[in-house]
Amino acid sequence: MIHFLNLIRWKNLLMIALVQVLIKYALLLPFYESYGVITTLGPLQFALLVFATVCIAAGGYVINDIYDIESDEVNKPERVIVGKHISEKIALRSFIILNVIGVGIGFYLSNVIGKSGFFVLFFMASALLYLYASYLKQILLVGNIVVSLVVALSLLLVGFFELLPVINSENREVQIFFFKLILDYAIFAFMINLIRELVKDIEDIDGDYKAGIQTLPIVVGRDRANKIVFILSLIPLFFIIYYVITYLFKQQLFVWYFLILIIAPLIYVTIKLFSAEQKSHYKHISLILKLVMLTGMLSMAIYPYVL
């Protein structure tokens, strides 16, 4: 059981579920009375939305590990599960079952809210994760961008299912405002995840080279890739500083939260990237970026106290 939980990256799945729960219960529901925000899904339907998202994400991790056996044996031999603790046949079957459940629930929820076209979002996420693992990750930067887009989509799903179906002429401005707020977080998640994906590519250069995957560090070299990622890491840093100054400057709680738990760690990441050389350095940077993603999402819990 523990090997299966590690295969589907249960800690990452918990983070995905937490973020979606925060969007509904910290960013939307508290503002029903004060701002008139209306949500679509009841508690059980929302739980199904979270479960569907988690199933599709879990399936993505499984299929990725199936295709990554060769590179993982070099990069992370101690973390190889498929073929060692779980057979490739069982892993593939698990991938299919998880996606059938996720996409099936997505189809059900889309019809329940009267937006059958939203089903495409679940199917698209499932298809992109499969294409990423089987083909797209071998194309320079395309795989990194695709997987980061899927991460951002996991946030936007809540906005699509909770806010858009109940928009009318009276609440349009409020519903769109909160959807844009979710979009801002999705953009943040996309940028941080993209940088983290590139950092992991530098960390895993040896195994990826053996597997014939054309990642950025393999195509342009480790040093040039390091400089590119360093420059890219400045984008979310400046984006967040601009956002805080423009929209949150009067909210001191937000300012201090972002300074200490998001901006400062990102500055630390840029400094470490400038001097990173060893595999352990990139592993450390990747961990810090993961923590920044978490603290960034947790900032949603502050909104009920400042808006």
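These figures come from a predicted structure and were not determined experimentally.

Draft legend 1. Looking closely at the pattern of salt bridges. Applying the stated rule across the entire model yields four salt bridges. One salt bridge connects K137 with D68, and the closest N-O pair in it is separated by 2.7 Å. Within this pair, whereas K137 is found in the loop between helix 7 (119-134) and helix 8 (142-162), its partner D68 is found in the loop between helix 4 (43-67) and helix 5 (69-75), the two being separated by 69 residues in sequence. Owing to a relative accessible area of 12%, K137 belongs among the buried residues under this scheme. By relative accessible area, D68 is classed as buried at 9%. E197 is the partner of K200 in a salt bridge, and the nearest nitrogen-oxygen pair spans 3.4 Å. Taken together, the residues span about one helical turn, with K200 and E197 both in helix 9 (residues 172-203) at a distance of three residues. In this structure K200 comes out as partly exposed when scored by relative accessible area, which is 24%.

Draft legend 2. The nonpolar core, seen in detail. Of all hydrophobic cores here, the largest spans 95 residues; its most connected members are L155, F161, F258, M297 and M300. Top element by residues in this core is helix 9. It accounts for 14 residues. Those residues within four positions of M300 in sequence are excluded, and the remaining contacts are V19, L22, I23, A26, L27, L155 and Y185.

Draft legend 3. Broad picture of the packing of aromatic side chains. According to the stated counting rule, one finds 20 aromatic pairs in the structure shown. Aromatic side chains F239 and Y243 sit 6.2 Å apart centroid to centroid with 35 degrees between the ring planes, which places their arrangement in the tilted category. Of this pair, F239 and Y243 both sit in helix 12 (residues 222-248), four residues apart, which is roughly one turn of that helix. For Y243, a relative accessible area of 14% puts it in the buried group. Directly above the ring of Y25 sits K24, whose terminal nitrogen or CZ lies 5.8 Å from the centroid. The lysine or arginine in question, K24, covers the ring of F46, its NZ or CZ lying 5.3 Å from the ring centre.

Draft legend 4. Up close: the packing of helix 4 against helix 7. Axis separation between helix 4 and helix 7 bottoms out at 8 Å; the angle between their running directions is 15 degrees. Regarding the angle of helix 4 to helix 7, the classification is roughly parallel. Regarding helix 4 and helix 7, the two cross each other, and that crossing is right-handed. Here L49, A52, I56, A57, G60, I63, N64 and Y67 of helix 4 lie close against helix 7, whose contacting residues are F122, A125, S126, L129, Y130, Y132, A133 and S134. Taken together, the residues of the contact of helix 4 with helix 7 break down into 12 nonpolar, four polar and no charged.

Draft legend 5. Representation of the packing of helix 8 against helix 9 in the model. Contact geometry of helix 8 with helix 9 gives a least axis separation of 8 Å together with a crossing angle of 155 degrees. Considering their axes alone, helix 8 and helix 9 lie roughly antiparallel with respect to each other. For the pair helix 8 and helix 9, the crossing hand works out as right-handed. Only F179, I182, L183, Y185, A186, A189, F190, N193, L194, E197, L198 and D201 of helix 9 make contact with helix 8, whose side of the interface consists of N144, I145, V147, S148, L149, V151, A152, L155, L156, G159 and F160. Grouping the constituent residues of the contact of helix 8 with helix 9 by class yields 17 nonpolar, four polar and two charged.

Draft legend 6. Region of the structure containing a nonpolar patch on the surface. Residues L140, L141, I145, L149 and V219 make up a contiguous nonpolar surface patch of roughly 370 Å² in combined accessible area. Checked against the element boundaries, V219 lands in helix 11 (residues 216-220). A relative accessible area of 41% places V219 in the partly exposed class.

What counts, and where the lines are drawn
Residues numbered from 1 in each chain as written. Predicted model: local features only at pLDDT ≥ 70, side-chain atom pairs only at ≥ 80, totals over all residues. Heavy atoms only, no water. Salt bridge = Lys/Arg side-chain N within 4 Å of Asp/Glu carboxyl O. Helix = DSSP H or I, 4+ residues; strand = E, 2+ residues; numbered from the N terminus. Buried < 20%, exposed > 50% of the residue type's maximum accessible area, 1.4 Å probe, protein only. Core = buried A, V, L, I, M, F, W, Y, C linked by side-chain atoms within 4.5 Å. Contact = heavy atoms within 4.5 Å. Phe/Tyr/Trp six-rings, centres within 6.5 Å; stacked < 30°, edge-to-face > 60°. Lys NZ or Arg CZ within 6 Å of the ring centre and 35° of its normal. Axes fitted to C-alpha atoms, helices over the stretch in contact; angles between N-to-C directions. Parallel < 35°, antiparallel > 145°, perpendicular 65-115°, else oblique. Left-handed = near helix turned anticlockwise from the far one by under 90°. Nonpolar A, V, L, I, M, F, W, Y, C, P; charged D, E, K, R; others polar. Patch = residues over 30% accessible without salt bridge, like charges linked within 9 Å, V, L, I, M, F, W, Y side chains within 5 Å. Areas by Shrake-Rupley, 256 points an atom, 1.4 Å probe, with all protein chains shown as cover.

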